[in-house]
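The chain contents come next:
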Amino acid sequence: WHPGWLPVDFASMLELQNVAKSFGSRELFANVNLRIGSRERLGLVGPNGTGKTTLFRIMLGEISPDTGRVEVQKGLRIGYLAQETSPLGAADESILTWCSRQARGIGVFQDERQACVARLDAGDADEALVHRMAVIDDELHARDADGMPGEAERVLRGLGFCAEDMAKPLRALSGGLLMRVELARLLLDRPDLLLLDEPTNHLDLEGLVWFEGYLLGFKGSVVVVAHDREFLNRTVSRIVEVSPRGAVDFGGNPNVPVYDRYIEERAKSVSLAWKHYEEQQAEIKDIEDFIARNRVRKDRANVVQSRIRNLEKLQRLVPPEPIQRVRFRFPSPERTPDLVMSLDGVSKRYGSKTIFSHLDLRLHRGEKVALVGVNGAGKS
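Here is a short report on the structure shown in this document.

Conventions and cut-offs
- Residues numbered from 1 in each chain as written.
- Predicted model: local features only at pLDDT ≥ 70, side-chain atom pairs only at ≥ 80, totals over all residues.
- Heavy atoms only, no water.
- Helix = DSSP H or I, 4+ residues; strand = E, 2+ residues; numbered from the N terminus.
- Expected span 1.5 Å × (residues − 1).
- Contact = heavy atoms within 4.5 Å.
- Salt bridge = Lys/Arg side-chain N within 4 Å of Asp/Glu carboxyl O.
- Buried < 20%, exposed > 50% of the residue type's maximum accessible area, 1.4 Å probe, protein only.
- Pairing = 2+ DSSP bridges.
- Axes fitted to C-alpha atoms, helices over the stretch in contact; angles between N-to-C directions.
- Parallel < 35°, antiparallel > 145°, perpendicular 65-115°, else oblique.
- Left-handed = near helix turned anticlockwise from the far one by under 90°.
- Phe/Tyr/Trp six-rings, centres within 6.5 Å; stacked < 30°, edge-to-face > 60°.
- Lys NZ or Arg CZ within 6 Å of the ring centre and 35° of its normal.

A word on helix H7 (residues 205-217)
Compared with an ideal rise of 1.5 Å per residue, which puts 13 residues at 18 Å, H7 spans 19 Å between its outermost C-alpha atoms and is within 8% of the ideal. In this structure, the buried side of H7 is in contact with strand S3 (41-45), helix H5 (148-158), helix H6 (175-189), strand S6 (193-197), strand S7 (221-225) and helix H8 (229-235).

Here it is, written out as structure tokens:
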């Protein structure tokens, strides 16, 4: 942790060099070269199963690559948001208390300070204890422990929690809300590098807007995996595609939304790769036909052998793999009446909590309805 909690200004924070990873006979990726610099905004994309989460875990040092090197700047603080969260400590702690204590390791020092005070009150006032108390106070000051509850409340409110939620125990939260609490703790940590794996999955519209604004002002670097096209367009400046053949950096253009540019450039790249592949296949066929026609001719023996050697040395291209898409069609149903569904005065409660009441709704044939509302409003 650094005084003032400002990110370390590294020209290159983290670098992957020729990294490859397989599980059994299945190769996820190979020859991945990736450099993450200061104030980077990078979107990591690719079809499901290409190993984006695995690449995050390699960056974190949780697993080792099969080949290649990972270089991390000394002292780099990495914050990681996984797709699914593990249990968040004491279930009876309130949301606000948990975030205020877990962020920046404040709780550990607060507990140690409390133990030191208890020893002092008991008459144990040796020099080492007094010195340790001074060190702890310095650490708490550097982490802004006094200001943390106010900062934590601001972040939690931004992510969609209301004032009444702050005192709720963790055990009362759904998995989606626990993910938001973990995201709040992560942002309060102020790491140098944020690795975010599908961070928008559990955010409602208001929380998403706030989160995008937060990332735009974040002083560290961000690498994000997301399937939300517009989120990527608004928050990252580079797109890197991960595939079994490596990582392709599609860069960015300030005049074109970055993900839209990636789609366009990828289509051009695939088209060019097919052109080179087909040209090489035609060249190989011509050489093989020449060899077949002239193999028995003694006056062409040297030429034939030369063509055979050239063919053996040729680095053969493989056809580009298009992103596989699932295709399906729904059978046409019978024509419905004009009024498809109606709700009249509908209410729903869970115990003493009213989710909604006196709800009226008319859904007519052909209508397309978006059902919105903050988490917990009762959409499901």
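Comments concerning the pattern of salt bridges
Summed over all chains, the structure comprises 28 salt bridges. Measuring nitrogen to oxygen at the nearest pair gives 2.8 Å for the salt bridge that ties Arg 101 to Asp 111. Residue Arg 101 is located in helix H2 (residues 95-102), and its partner Asp 111 is located in helix H3 (residues 106-121); the two are separated by ten residues in the primary sequence. Exposure remark for Arg 101: the relative accessible area of 22% places this residue in the partly exposed category. Among the salt bridges present, the one from Arg 132 reaches Glu 112, with a minimum N-O distance of 2.7 Å. Highlighted residues: Arg 132 in helix H4 (residues 127-142) and Glu 112 in helix H3, separated in sequence by 20 residues. Of the residues examined, Arg 132 reaches a relative accessible area of 31% and is grouped as partly exposed.

Section: unusual backbone geometry
Unusually for a residue other than glycine, Asn 18 sits at a positive phi of about 50 degrees. Its place among the elements puts Asn 18 in strand S1 (residues 12-23).

A look at the sheet that holds strand S9 (residues 246-249)
Pairing is mixed across the open sheet formed by six strands, whose spatial order is S5-S6-S7-S3-S8-S9. In this open sheet, the two edge strands, each paired with only one partner strand, are strand S5 (78-81) and S9. Neighbouring strand axes in the sheet, compared pairwise and without regard to direction, differ in orientation by 20 degrees on average. Judged from the four bridges that link them, strand S8 (residues 238-243) and S9 form a sheet pairing that is antiparallel. The residue bridging Glu 241 from the neighbouring strand is Val 248, located in S9. Its contacts with the sheet place helix H1 (residues 52-60) against S3, S5, S6, S7 and S8, and it is angled at close to 155 degrees to S6. The strands touched by H6 are S5 and S6; relative to S5, the strand with the most contacts, the crossing angle is about 170 degrees.

Focus: the packing of H2 against H5
Here H2 crosses H5 at 120 degrees, and the two axes come no closer than 9 Å. Relative to H5, the element H2 is oriented oblique. The way H2 lies across H5 gives a crossing that is right-handed. For the pair H2 and H5, the contacting residues are Ile 95, Leu 96, Cys 99 and Ser 100 in the first and Met 148, Pro 149, Ala 152, Glu 153 and Leu 156 in the second.

Notes on the packing of aromatic side chains
Applying the stated criterion across every chain, the model contains eight aromatic pairs. An angle of 25 degrees between the planes, with centres 6.3 Å apart, marks the rings of Tyr 214 and Phe 218 as stacked. Exposure remark for Tyr 214: the relative accessible area of 22% places this residue in the partly exposed category. An aromatic cluster of at least three residues, connected via ring pairs, comprises Trp 210, Tyr 214 and Phe 218. The positively charged end of Arg 307 is found above the aromatic ring belonging to Phe 290, 4.2 Å away from the centroid. Sitting over the ring of Tyr 350, Lys 348 keeps its end group 5.1 Å from the ring centre.

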